[in-house]
Amino acid sequence: MSAWLVDLNRGLRSLSRHDPQQAARWLGDALRQCPTTRPAELHRICLYLGVALKRLGHTETAIRSWVSCQRLRKRGPMRRLLIRFMNQYGMEKQERQEIDDWKAFASIQLSRYLRSKNKRAFATVAEQDMVVDLIRDHWRQIRKDGRLEGLSCAQKHELFSRLRIVFPTVVIPGSPDGPGGTSGASIIAVNFQSRRRVGLMDRCFCGSGLPFSLCCGRTPGCAEVLSGLF
Ligand SMILES: [Zn+2]
């Protein structure tokens, strides 16, 4: 039996024994070794890996796994599972819309800051605190002036992406990224087959059948951004 299949079975056994930690390890190994020519099997591994991660409380990473699932295979119960846990930004659903909005705003600004510095992680806790504080100040302002009232999620997303916070440059001794780095460019999604810009509510160009905003254009969660997964 192939190694990945052995790992998949071990993972499923661990899941049924209520050991999601061990299950996530086996399923991760299975995913790394499974040949890309087996989309149906990859789909299965991603589905269960997502379940293990969800049980471990890593909902953001679970959503990543389930989105990959949906990309691999359009049919199946995946879409319903995703919609249960994912909000309209493609992030982990929170108990209130206001928290969904704040998390999306924070994530968009955090990833923009890191991209503008050409890095995937903060160099120090102090740097991270400063950036998060600034983002929070802007958020308070946005809430206060009532700019979000009556806007759809897509409109809010556009507003969050348009809003540029000027972050002071932090120079860390001995680091190459001083002033003069590339300015924070935002990513524009284009379907190269139709050469058309993809709207948030359009069907994703990867063929998953999900709206772009829930698939390749989903906003990564703050925890994902902070661990370099964006
Ligand atoms: Zn997609």
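Everything here concerns the structure above.
Residues numbered from 1 in each chain as written. Predicted model: local features only at pLDDT ≥ 70, side-chain atom pairs only at ≥ 80, totals over all residues. Heavy atoms only, no water.

Engineer: I'd like a description of the overall build of the chain, backed by residues and values.
Structural biologist: Of regular secondary structure, the chain possesses 9 helices and 2 strands. Classification of the 230 residues of the chain by burial places 44% in the buried group. Restricting the contact set of the chain to residue pairs at least 6 apart, pairs at least 24 apart contribute 55%. Total accessible area computed for the chain in this model is approximately 12,900 Å², and 52% of it derives from carbon and sulfur atoms. (Helix = DSSP H or I, 4+ residues; strand = E, 2+ residues; numbered from the N terminus. Buried < 20%, exposed > 50% of the residue type's maximum accessible area, 1.4 Å probe, protein only. Contact = heavy atoms within 4.5 Å. Areas by Shrake-Rupley, 256 points an atom, 1.4 Å probe, with all protein chains shown as cover.)

Engineer: Tell me what's going on with the coordination of the zinc ion, and back it up with residues and numbers.
Structural biologist: Ligation of the zinc ion by protein atoms is provided by Cys204 (SG), Cys206 (SG), Cys215 (SG) and Cys216 (SG), these donors lying 2.2 to 2.3 Å from the ion. Taken together, the 4 donor atoms coordinating the zinc ion span angles of 101 to 116° at the metal, a pattern that classifies the geometry as tetrahedral. Given a relative accessible area of 0%, Cys215 falls into the buried group. Look at Cys216 and you get partly exposed, because its relative accessible area is 34%. (Donors = N, O, S within 2.8 Å, 3.2 Å for Na, K, Ca; no water. Tetrahedral: all angles 85-135°; square planar, octahedral: opposite > 155°, others 65-115°.)

Engineer: So, unusual backbone geometry: which residues are in play, and what are the values?
Structural biologist: Unlike most non-glycine residues, His18 shows phi in positive territory, near 60°. Positive phi is not limited to glycine here, since Asn118 has a value of about 55°. Along the polypeptide, Asn118 turns up in the loop between helix 6 (97–116) and helix 7 (125–144).

Engineer: So what's going on with helix 1 (residues 3–16)? Which residues, and what values?
Structural biologist: Counted at 1.5 Å a residue, the expected span for helix 1 with its 14 residues is 20 Å, and the 20 Å between its end C-alpha atoms agrees. Those residues of helix 1 not exposed but buried are Trp4, Asp7, Leu8, Gly11, Ser14 and Leu15. Along the axis of helix 1, the buried positions cluster into a sector of 125°, meaning they face one direction only. On the buried face of helix 1, the contacting elements are helix 2 (20–33) and helix 3 (39–55). (Expected span 1.5 Å × (residues − 1). Arc of directions from axis to C-beta.)

Engineer: I'd like to hear about the packing of aromatic side chains, residue by residue, with values.
Structural biologist: Scanning all chains against the criterion turns up 9 aromatic pairs. Aromatic pair Phe105 and Phe160: ring centres 5.3 Å apart, planes at 65°, arrangement edge-to-face. Taken as a pair, Phe105 in helix 6 and Phe160 in helix 8 (residues 153–162) lie far apart in primary sequence, 55 residues in all. Ring-pair connections join several aromatic residues into one group, and the members of that group are Tyr89, Trp102, Phe105, Trp139 and Phe160. It is Arg10 that lies over the ring of Trp26; its NZ or CZ is 4.6 Å from the centre. Just above the ring of Phe230 sits the side chain of Arg120; from NZ or CZ to the centre is 4.4 Å. (Phe/Tyr/Trp six-rings, centres within 6.5 Å; stacked < 30°, edge-to-face > 60°. Lys NZ or Arg CZ within 6 Å of the ring centre and 35° of its normal.)

Engineer: I'd like a description of the environment of Glu127, backed by residues and values.
Structural biologist: Within the secondary structure, Glu127 sits in helix 7. In this structure Glu127 comes out as buried when scored by relative accessible area, which is 2%. Side-chain polar atoms of Glu127 contact the side chain of Tyr113, separated by 2.7 Å. (Polar contact = N/O pair within 3.5 Å; in protein donor to acceptor, adjacent residues only side chain to side chain.)

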